Amino acid sequence: MKLVLTLLCRDSEDVVDAHLAFHLNAGVDFVIATDHRSADGTTAVLERYAREGHLHLIREESEEFRQSEWVTRMARLAATDFGADWIVNSDADEFWWPRGKGLKEVLTAIPVRYGVVNGLWRTFPPRPDDGRFFAERMVYRLAPTAPVNDPTTPWRPNTKVIHRADSRITVGVGNHTVRGTSLQPLRGWFPFEILHFPWRSYEQSDSKASAYGGRGFYHGTRLASDARDAGHLREHFESLVVDDEALERGLESGYVVEDTRVRDVLRLLAGTDAVAADLEHRRFAGPASGTEIPFAQPSVVEDAEYAVDVAVYTEAELVRAQRHLDDVERRLSTLEHGLLSRASRAVRRIVRRGGGS
């Protein structure tokens, strides 16, 4: 099996090296990356992996952000030019964690008739920035039992897809869906957790909100962009930060749980007890180093807890679907009212003309 990861990123210097090292040591064989106008050290990191033969780099200088189009192009290239069997479409702030002994081991277990499976987002909110590497600070994630149905929250649960290679495939906005393919989805099973670190520091959030603005497809990016336009980004970001007092309340309520998996793996790949904060001294083991990431089959208790998390996500999806249906119903009602009003006016005009003849 050949597993190819596609990566669309911009100004992700603080996380992209860790992202690539993690996945190339987790079973990914090759990466196709699109660098969208990065102005920090992101391009240099991608070029290094390209020189080492692990990555094919595409540069995009368009001011317009065409996320679905660019990811679709990479997914099709993976199928036609790079011999992929399975494709992961990822962002730089995501770490795909298999609920088994490895990415490929989980994918091998999927029956041939199915070609699309889901991963469940597991979001880590920002912690106070004390100068340490993001993975050293951000070791607490939101539990799905936290209030998630509020349409204004940036923490709403979601899923993304891994799919078999198909040269005709179209990847939907945000990598949440695929279309234009005969691949059958395997529904109701979420064999991957996507450990998600969207907001790592104020500087990074400012860069992200500035780069994508209202074009950001992730709801949290749109909220940050609106706050930036209104001159309140600092206040918005600070409202997302989980300080020590909020952390204690979250742990007690069950809204927050400790999760050190990304930190521990990156420490393993760095060969240190703590990953260096500065890029100059941060080094991760390459895919040929023989370093083995200790993924493990979940226990029965862990599977039961995960089933509860998936159920909460499913309930949230039902709430969203109901909101969507309510919105469609309101629009149809408005349209129907408008059509009846126009028809009534037309009848009155006909009657008036008839009465005057």
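It should be noted that the structure appears before, not after, this text.
Here the structure is a predicted model, which is why all the values come from computation and not from measurement.

Another point: the packing of aromatic side chains. Taken as a whole and assessed by the stated rule, the structure comprises 14 aromatic pairs. Residues F133 and F134 carry aromatic rings whose centres are separated by 4.7 Å and whose planes lie at 65° to one another, so their mutual orientation is edge-to-face. Note on F133: relative accessible area 3%, which makes it buried. Here R261 stacks its cationic end above the ring of W97, 5.2 Å away from the centre of that ring.

All right, on to the pairing of strand β8 (residues 159-164) then. The element β8 is extensively covered by neighbouring structure, given that 6 of its 6 residues are classed as buried. Side chains of β8 alternate between two faces, with T159, V161 and H163 and K160, I162 and R164 buried alike. As paired strands, strand β4 (residues 86-91) and β8 are joined by 3 bridges and run antiparallel to one another. Residue pairing for β8: W86 is matched across the bridge by R164. Examined bridge by bridge, strand β6 (residues 114-123) and β8 share 5 bridges and lie antiparallel to one another. Looking at β8, one finds that N118 is bridged to V161.

All right, on to helix α2 (residues 42-51) then. In an α-helix, one turn spans 3.6 residues; hence positions three or four apart end up facing the same way. Residues T42, T43, V45, L46 and Y49 constitute the buried set of α2. Burial along α2 is one-sided: seen end-on, the buried residues are contained in an arc of 160°. Contacts from the buried residues of α2 go to β1 (3-9), α1 (16-26), β2 (30-36) and β3 (55-60).

Rules used throughout
- Residues numbered from 1 in each chain as written.
- Predicted model: local features only at pLDDT ≥ 70, side-chain atom pairs only at ≥ 80, totals over all residues.
- Heavy atoms only, no water.
- Phe/Tyr/Trp six-rings, centres within 6.5 Å; stacked < 30°, edge-to-face > 60°.
- Buried < 20%, exposed > 50% of the residue type's maximum accessible area, 1.4 Å probe, protein only.
- Lys NZ or Arg CZ within 6 Å of the ring centre and 35° of its normal.
- Helix = DSSP H or I, 4+ residues; strand = E, 2+ residues; numbered from the N terminus.
- Pairing = 2+ DSSP bridges.
- Arc of directions from axis to C-beta.
- Contact = heavy atoms within 4.5 Å.

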